[in-house]
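Commentary on secondary and tertiary structure
Residues per chain are reported as follows:
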2 protein chains.
Amino acid sequence: MNNFNFYSPTYFAFGKDAENQVGALVRRFDGSNVLLHYGGGSVVRSGLLERVKASLDREGIEYVSLGGVKPNPRSGLVYDGIDLARREGVNFVLALGGGSTIDSAKAIAAGAVYDGDFWDFYAGKPIEKALPVGTVLTIAAAGSEGSPDSVITNERGMYKRGASGDAIRPRFSVLNPALTQTLPPYQTACGITDILAHLYERYLTNTKEVEVTDRLIEALMLTMIHEGPRVIENPDNYEARANIMWAGMMAHNNACGVGRSQDWNSHNIEHELSALYDCAHGAGLAVTMPAVFRYVMHHDVMRFAQVAVRVWGCPMDFFHPEATALAGIEALRRFITDLGMPRNFYELGAHEADIPKLVDMLCNGDGRPGFITGFVTLNAEDCANIYHMMV
Amino acid sequence: MNNFNFYSPTYFAFGKDAENQVGALVRRFDGSNVLLHYGGGSVVRSGLLERVKASLDREGIEYVSLGGVKPNPRSGLVYDGIDLARREGVNFVLALGGGSTIDSAKAIAAGAVYDGDFWDFYAGKPIEKALPVGTVLTIAAAGSEGSPDSVITNERGMYKRGASGDAIRPRFSVLNPALTQTLPPYQTACGITDILAHLYERYLTNTKEVEVTDRLIEALMLTMIHEGPRVIENPDNYEARANIMWAGMMAHNNACGVGRSQDWNSHNIEHELSALYDCAHGAGLAVTMPAVFRYVMHHDVMRFAQVAVRVWGCPMDFFHPEATALAGIEALRRFITDLGMPRNFYELGAHEADIPKLVDMLCNGDGRPGFITGFVTLNAEDCANIYHMMV
């Protein structure tokens with residue numbers, strides 16, 4: 001096991017009506033003037049925004065609002081948020097929404113106390129300080145509610161990049177599974193796929209004998225396999241929603257990913273798709289993951305055989321472990337397409353003719369060295385091959 | 001799933017040589033005058049105490065030392081520590097050792113800033129403030145390095161009681177698996193048994209459909225089953241030690257126990273044994289758990305069948321689920337006795353004639369109401385029956 005540090009100081013308030021604690025939580029973490037950040041329609045229509053405002057009012061906390069976050073959140077709104085935060089002297093950023101809103105809030109929080117361009121952080125500069133961030137989560141997917149990560153799409157060039165730092169880890173996150181019951185099935189399925197992807201990115205490691213984190217990852221995968229179809233069949237199943245919501249957080253706060261190298265090439269390859277076509281990140285991952293895994297599985301067949309046997313219930317073929325490995329990848333593909341996820345470029349709205357452009361953005365964009373690294377290092381030709389497998 | 005809050009802000013530094021970060025970590029968490037608390041021989045003999053002192057010296061941090069913690073830590077040394085902490089004006093308590101030392105340090109930290117008798121907290125008073133606590137762990141077992149819990153034996157009556165509070169959660173914990181390589185096999189096995197007990201206490205729940213925490217608990221149990229025999233066979237197996245050490249923390253910081261009722265009756269029943277006979281807590285649990293589980297299994301046969309199938313690999317007997325449940329309990333019993341743990345009162349050094357006294361301390365000691373509650377409520381007769389099953 002590799003040496004590591006682990007620090008996850010987010011306070012989680014989980015359960016029915018948990019959003020009514022928001023005012024007290026902002027107060028607990030020393031906020032008094034809040035930037036309320038959200039997307040649009042659903043947060044307003046569901047009454048969540050009003051309930052949160054009422055909770056802040058009860059504590060005498062001031063706030064300004066900035067809505068309009070889109071899926072695959074853009075740099076433009078981040079600049080607006082930074083300006084607003086500075087103008088109003090806010091000392092806390094509160095995100096109401098899913099990963100996009102939380103990631104946008106994190107970018108604003110880091111940018112508001114930084115003299116340069118916030119994009120510096122997404123080009124690799126470490127984030128050393130930020131306004132405190134809190135979240136009220138409305139979709140189980142990104143895990144951003146418990147992570148130090150943020151992904152933003154740069155509108156100058158339409159590429160997605162990530163930044164990370166303990167300073168943007170949420171001080172608190174409110175997780176009420178009932179808030180996710182109104183999600184359309186497609187978005188629910190995107191979330192489940194994203195959670196599975198966070199687990200696979202950690203599972204695909206070159207570190208040997210990290211049984212504890214292997215087992216924890218498998219536990220969360222098994223949870224998604226059990227609960228995913230139940231929640232698609234009955235969107236009001238609170239218990240299934242609750243299990244998925246906690247699994248989504250645990251999948252990405254890195255408790256199950258410590259002490260080992262990780263992959264993240266499926267995410268990198270997908271990011272160019274959602275940046276260019278504005279498709280849902282989870283949908284992009286559904287098409288990306290099986291192709292990537294088939295492409296890289298010979299790097300460590302036993303890793304893929306292990307997940308096939310332990311998680312997908314495939315029988316081990318001791319003469320042909322690669323058959324077992326493939327069966328596991330196929331089981332994953334079938335599972336997510338059964339949830340309603342797209343199977344290929346066509347269903348995703350992507351175009352084969354764009355592959356050279358996708359590869360160039362992926363391997364060379366924003367100063368990248370012509371390849372991407374992870375479980376396997378992939379050069380431009382590898383990436384082109386993988387995109388072609390997805391057509 | 002029940003509503004819950006989860007807050008685990010401990011900073012973990014994990015891996016080889018991690019103890020050399022102690023000085024910087026004390027500094028990070030605002031300590032400048034430290035009470036160094038430890039047991040005895042091994043911390044000195046191994047050179048750990050000197051390395052930690054050197055690390056503190058490098059940061060210019062002052063310290064006073066208080067050794068002498070015994071397994072099943074006593075109230076007497078806690079009073080000594082409180083006096084010393086006040087006299088020396090320490091502002092940080094640093095434990096070097098296992099669960100006993102850490103629990104003693106937590107009690108000192110809470111007592112040093114409280115006007116009354118520290119035992120009030122162990123009789124039920126909430127802990128609201130405490131000096132900050134840090135730990136350097138030397139045995140994977142108690143999970144105290146990541147928990148808000150402490151268990152102390154009251155020397156006036158020799159009974160063990162627990163206290164809990166976020167204020168005594170360690171600010172940081174240093175986990176170097178290499179420090180555990182010198183442990184005698186018996187102590188290693190006691191630690192593994194204690195970790196398994198922490199998992200069973202959470203597994204035995206009356207809350208339905210908490211799949212995510214069921215699966216996480218099972219993951220950690222499977223890790224112990226894989227790594228336990230490897231580390232008994234080869235005490236120098238760093239990878240096995242590392243997996244057990246992280247599993248031990250994860251088993252008890254409650255990430256795998258949220259949103260559900262828990263049991264803790266095996267711990268309660270065992271505590272009277274280690275308090276009276278000064279046996280190792282893990283050894284006491286090895287004798288206690290199989291008896292308790294056989295006694296209560298009819299309360300929810302499917303719960304015991306599930307762990308038997310998923311964790312112990314027992315085939316499910318669909319006509320007779322209780323046979324599967326029993327097979328799982330027997331597999332647990334065989335596993336821990338194969339590690340070298342005792343099987344009965346005799347091997348533990350306990351005496352059948354003491355059962356009335358054990359039952360009285362357990363059910364009536366320190367203001368208890370004549371019964372204990374958990375997965376199943378157990379009255380004095382039940383507890384006597386269970387102790388008799390252990391003879």
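All figures in this text were calculated on a predicted structure; none of them were measured in a lab. (Residues numbered from 1 in each chain as written. Chains lettered and ligands numbered in written order. Predicted model: local features only at pLDDT ≥ 70, side-chain atom pairs only at ≥ 80, totals over all residues. Heavy atoms only, no water.)

Turning next to the overall build of chain A. Scanning chain A from terminus to terminus reveals 16 helices and 10 strands. Against the compact-globule benchmark of 21 Å for 391 residues, chain A has a radius of gyration of 20 Å, which places it among compact chains. Seen along its three principal axes, the alpha-carbon backbone of chain A occupies a region of about 70 × 45 × 45 Å. The burial tally for chain A puts 63% of its 391 residues in the buried class. Sequence separation of 24 or more characterises 78% of the internal contacts of chain A that already satisfy a separation of 6 or more. (Helix = DSSP H or I, 4+ residues; strand = E, 2+ residues; numbered from the N terminus. Rg over C-alpha atoms; globule rule 2.2 N^0.38 Å. Buried < 20%, exposed > 50% of the residue type's maximum accessible area, 1.4 Å probe, protein only. Contact = heavy atoms within 4.5 Å.)

To continue, consider unusual backbone geometry. The phi dihedral of Asp30 of chain A falls on the positive side, at around 70 degrees, and the residue is not glycine. Overall, Asp30 of chain A belongs to the exposed group, its relative accessible area being 66%.

What follows covers the packing of aromatic side chains. Inspection of the entire model under this criterion finds 39 aromatic pairs over all chains. Each ring, one from Tyr7 of chain A and one from Tyr11 of chain B, has its centre 5.2 Å from the other, and the planes form 55 degrees; the classification is tilted. Linking Tyr7 of chain A in strand E1 (residues 4–14) with Tyr11 of chain B in strand E1 (residues 4–14), this pair reaches from one chain into another. The buried category is assigned to Tyr7 of chain A, whose relative accessible area is 18%. Centroid distance Trp119 of chain A to Tyr122 of chain A: 5.3 Å. Interplanar angle 20 degrees. Geometry classified as stacked. One end of the pair, Trp119 of chain A, and the other, Tyr122 of chain A, are both in helix H6 (residues 119–122), 3 residues apart, so they sit about a helical turn from each other. Each member of the pair Trp119 of chain A and Tyr122 of chain A is classed as buried. Taken together, Phe4 and Phe6 of chain A together with Phe12, Phe14 and Trp246 of chain B form an aromatic cluster joined through their ring pairs. Looking at Arg28 of chain A, its charged tip hangs above the ring of Tyr7 of chain B, at a distance of 5.1 Å from the centre. Positioned above the aromatic ring of Tyr238 of chain B, the side-chain terminus of Lys16 of chain B is 4.4 Å from the ring centre. (Phe/Tyr/Trp six-rings, centres within 6.5 Å; stacked < 30°, edge-to-face > 60°. Lys NZ or Arg CZ within 6 Å of the ring centre and 35° of its normal.)

Mapping chain A onto chain B leaves a residual RMSD of 0.0 Å; the transformation is a rotation of 180 degrees accompanied by 0.0 Å of translation along its axis. Here the copies are linked by what is in effect a two-fold axis. Of every C-alpha in chain A, the one belonging to Pro9 of chain A sits nearest the axis of rotation, 1.9 Å from it. Of the interface residues in chain A, 100% have counterparts in chain B that sit at the interface too, so the contact is made through matching surfaces. (Least-squares fit on C-alpha atoms with pLDDT ≥ 70 in both.)

For the rest of this paragraph, the subject is the side chain of Asp382 of chain A. Residue and element names in this part refer to chain A. Structurally, Asp382 is set in helix H16 (residues 380–389). In this structure, Asp382 is buried with no salt-bridge partner, the nearest side chain bearing the opposite charge being Arg368 at 14 Å. At 2.6 Å, the side chain of Asp382 forms a polar contact with the side chain of Tyr295. For Asp382, the residues in contact, after removing those within four places along its chain, are Tyr295 and Thr377. (Lys, Arg positive; Asp, Glu negative; His and termini not counted. Salt bridge = Lys/Arg side-chain N within 4 Å of Asp/Glu carboxyl O. Polar contact = N/O pair within 3.5 Å; in protein donor to acceptor, adjacent residues only side chain to side chain.)

The next subject is the nonpolar core. If you look at the biggest cluster of nonpolar residues, it comprises 241 residues, and the most contacted ones within it are Trp246, Leu273 and Tyr387 of chain A together with Trp246, Leu273 and Tyr387 of chain B. Leave out the neighbours within four places in its chain, and Trp246 of chain A touches Phe12, Phe14 and Leu175 of chain A together with Phe4, Phe6, Val212, Ala255 and Val258 of chain B. (Core = buried A, V, L, I, M, F, W, Y, C linked by side-chain atoms within 4.5 Å.)

Scanning the model with the defined rule gives 0 disulfides over all chains in all. We note that Cys256 of chain B lacks a disulfide partner, and the nearest cysteine sulfur, in Cys256 of chain A, lies 13 Å from it. (Disulfide = S-S within 2.5 Å.)

As a further point, take the packing of helix H10 (residues 265–277) of chain B against helix H15 (residues 355–364) of chain B. Two quantities define a packed helix pair, namely the angle between the axes and the distance from one axis to the other. All names here are of chain B. The N-to-C vectors of H10 and H15 enclose an angle of 120 degrees; their axes lie 9 Å apart at closest approach. Relative to H15, the element H10 lies oblique. The interaxial crossing formed by H10 with H15 has right-handed handedness. Judged by residue contacts, Asn268, Ile269, Glu272, Leu273, Leu276 and Tyr277 of H10 engage Lys357, Leu358, Met361 and Leu362 from H15. Looking at side-chain class alone, the contact of H10 with H15 contains 7 nonpolar, 1 polar and 2 charged residues. (Axes fitted to C-alpha atoms, helices over the stretch in contact; angles between N-to-C directions. Parallel < 35°, antiparallel > 145°, perpendicular 65-115°, else oblique. Left-handed = near helix turned anticlockwise from the far one by under 90°. Nonpolar A, V, L, I, M, F, W, Y, C, P; charged D, E, K, R; others polar.)

Once that is clear, we can look at the environment of Ala247 of chain B. As for its position among the elements, Ala247 of chain B is in helix H9 (residues 238–250). For the pair Ala247 of chain B and Arg51 of chain B, spaced 196 residues apart in sequence, the C-alpha separation works out to 26 Å. Beyond its immediate stretch of four places on either side in the chain, Ala247 of chain B contacts Val212 of chain A together with Ile195, Leu220, Thr223 and Met224 of chain B.

A separate point is the sheet that holds strand E5 (residues 133–137) of chain A. If you trace the 12 strands from one edge of the open sheet to the other, you get E3(A)-E2(A)-E4(A)-E5(A)-E8(A)-E1(A)-E1(B)-E8(B)-E5(B)-E4(B)-E2(B)-E3(B), paired in mixed fashion. Each end of this open sheet is capped by a strand with a single partner; those strands are strand E3 (62–66) of chain A together with strand E3 (62–66) of chain B. Between one strand and the next, the sheet's axes are offset by a mean angle of 25 degrees, whatever the strand orientation. Relative to E5 of chain A, strand E4 (residues 92–97) of chain A is paired through 5 bridges, and the arrangement is parallel. Each residue of the ladder has a partner; that of Leu96 of chain A, found in E5 of chain A, is Val136 of chain A. The strands that H9 of chain B touches are E1 of chain A together with E1, strand E5 (133–137) and strand E8 (172–175) of chain B; relative to E1 of chain B, the one it contacts most, it runs at about 150 degrees. (Pairing = 2+ DSSP bridges.)

Moving on, we get to helix H12 (residues 301–310) of chain A. All of the buried residues in H12 of chain A are Val301, Arg303, Phe304, Ala305, Val307 and Ala308 of chain A. Buried residues in H12 of chain A make contact with helix H7 (185–203), helix H8 (211–233), helix H11 (281–296) and helix H13 (321–338) of chain A.

Sheet faces and side chains relate simply in a regular strand, where the side chains alternate between the two faces. Residues and elements named next belong to chain A. Judged by which residues are buried, strand E8 (residues 172–175) turns out to be covered on both faces: Phe172 and Val174 on one side and Ser173 and Leu175 on the other are all buried. With 4 bridges joining them, E1 and E8 adopt parallel strand pairing. Bridge pairing in E8 links Phe14 to Leu175. Direction of pairing for E5 relative to E8: parallel, over a ladder of 4 bridges. Across the sheet, the residue bridging to Leu137 is Leu175, located in E8.

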